[in-house]
Amino acid sequence: MNKRHLLAVLAAFAAGLAGAQDFPPKKPVTLLVGFAPGGAADGAARMIAKRLGENIGQSVVVENKAGAGGNIAHQQVAQGPADGSLLLLGSIGPLTIAPHMMKLPYDALKDLAPVSGGVYFPSVLVVNAATGPKTLAEFVALARKQPGSVSYASTGPGSASHLTGELFAQRIGADMVHVPYRGGSQAMPDLLAGRFTGYFAAPPTALPHIETGKVLALATTGPTRPPHLPNVPTVAESGYPGFQALNWYAFVAPAKVPAPVLDRWNQEIVKVLREPEMREYLTKHGLAPHPTTRAELGEFIRKESAQWGAIVRERKIVGE
């Protein structure tokens, strides 16, 4: 090893050591959520932020920044500070779908650093119990019989609920009208008011209304029936083998944050997600905790990006 190389190695080691010593950040931490309060991401983010703050001895505050299907929040974090004080509960849409639909002012794979997996869950197709179809077969029959008469809501263009609807329309061979919202808490009231036919909702958003009987669950989009909806069939078992569309949230940070700080955040987040009380809370609300290493999350995001990119191109989906 020559002198120049040795100095570079020592400098990198010193920078890493300094980064590790800067944890926790000296100022309050912001956990950004790209959707409106009250949705699937929001409740989980607030519980996790509370425990993180307690564990590291520093305030961790959730900030909701809705808009553009979550892309506004992702852009803010991509361009955020390098001191480890800003985290994002990143989502499938802005991280793996939107980059294939439109030109973004950030590169999801380069400007955002993976920290840890968060939670995942299937969507559940729900309809208005009073006015909607009573079974998935009836929903499909209506969509095929009257093209364009069936509409479905999503949490925004390029969101998981949007692409799930497109994938479903592809599989059933029918066109459906996409009705984008800024979040699940805005979409659900309009479903109850009968302003669209169905909604591929996140379980935390749909479960309270399923329990009151105001909405009817027709099918879930995972490989198996989730424990909180044991009597609701999957799309796959309802005549569409292999159908699967999972929603997920994962923790990311600005790519310029030093690796040792990112590693510390990974350790803290994984610890919280593995706590029995946290797992119980998330499971009760229809969310499966999914802690990962930073490398595992990076590989997962790349694979998801390739999969959804293919669907965007095949369905000719463009940003709105």
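The rules behind each value
- Residues numbered from 1 in each chain as written.
- Predicted model: local features only at pLDDT ≥ 70, side-chain atom pairs only at ≥ 80, totals over all residues.
- Heavy atoms only, no water.
- Core = buried A, V, L, I, M, F, W, Y, C linked by side-chain atoms within 4.5 Å.
- Buried < 20%, exposed > 50% of the residue type's maximum accessible area, 1.4 Å probe, protein only.
- Helix = DSSP H or I, 4+ residues; strand = E, 2+ residues; numbered from the N terminus.
- Contact = heavy atoms within 4.5 Å.
- Phe/Tyr/Trp six-rings, centres within 6.5 Å; stacked < 30°, edge-to-face > 60°.
- 1 Å grid on protein atoms, 1.4 Å probe; cavity = no way out; pocket = protein on both sides within 12 Å on 5 of 7 lines; lining within 4 Å.
- Points joined across faces, edges and corners; volume = space filled by probe spheres on them.
- Nonpolar A, V, L, I, M, F, W, Y, C, P; charged D, E, K, R; others polar.

**Observations concerning the nonpolar core**
Right, so step 1: Ranked by size, the top nonpolar core spans 47 residues in total, and within it Phe 139, Phe 168 and Trp 308 carry the most contacts.
Right, so step 2: Considering every element that reaches this core, the biggest residue donor is helix H6 (residues 160-172), with six residues.
Right, so step 3: Apart from the residues lying within four places of it in its own chain, the contact partners of Phe 168 are Leu 136, Phe 139, Val 140, Met 176, Phe 200, Val 235 and Phe 243.
Right, so step 4: Formed by 34 residues, the second largest nonpolar core is a distinct cluster that contains Phe 35, Val 62, Val 115 and Phe 121.

**Quick look at the packing of aromatic side chains**
Right, so step 1: Scanning all chains against the criterion turns up 10 aromatic pairs.
Right, so step 2: An aromatic cluster of three or more residues is present, and its members are Phe 139, Tyr 152, Phe 168, Phe 200, Tyr 240 and Phe 243.

**A closer look at the side chain of Asn 247**
Right, so step 1: Mapping Asn 247 onto the fold places it in strand E10 (residues 246-254).
Right, so step 2: On the accessibility criterion, Asn 247 (10% relative accessible area) is buried.

**Description of empty space enclosed by the protein**
Right, so step 1: Counted under the stated rule, the structure contains two cavities of 30 Å³ or more.
Right, so step 2: Here the second largest cavity is characterised by a volume of approximately 30 Å³.
Right, so step 3: Lining of the second largest cavity is provided by Gly 117, Gly 118, Val 119, Trp 248, Tyr 249, Ala 250, His 290, Leu 297 and Phe 300.
Right, so step 4: For the lining of the second largest cavity, the elements supplying multiple residues, two or more each, are strand E4 (112-122), E10 and helix H11 (294-315).
Right, so step 5: Classifying every residue of the lining of the second largest cavity by side-chain character gives six nonpolar, three polar and no charged.

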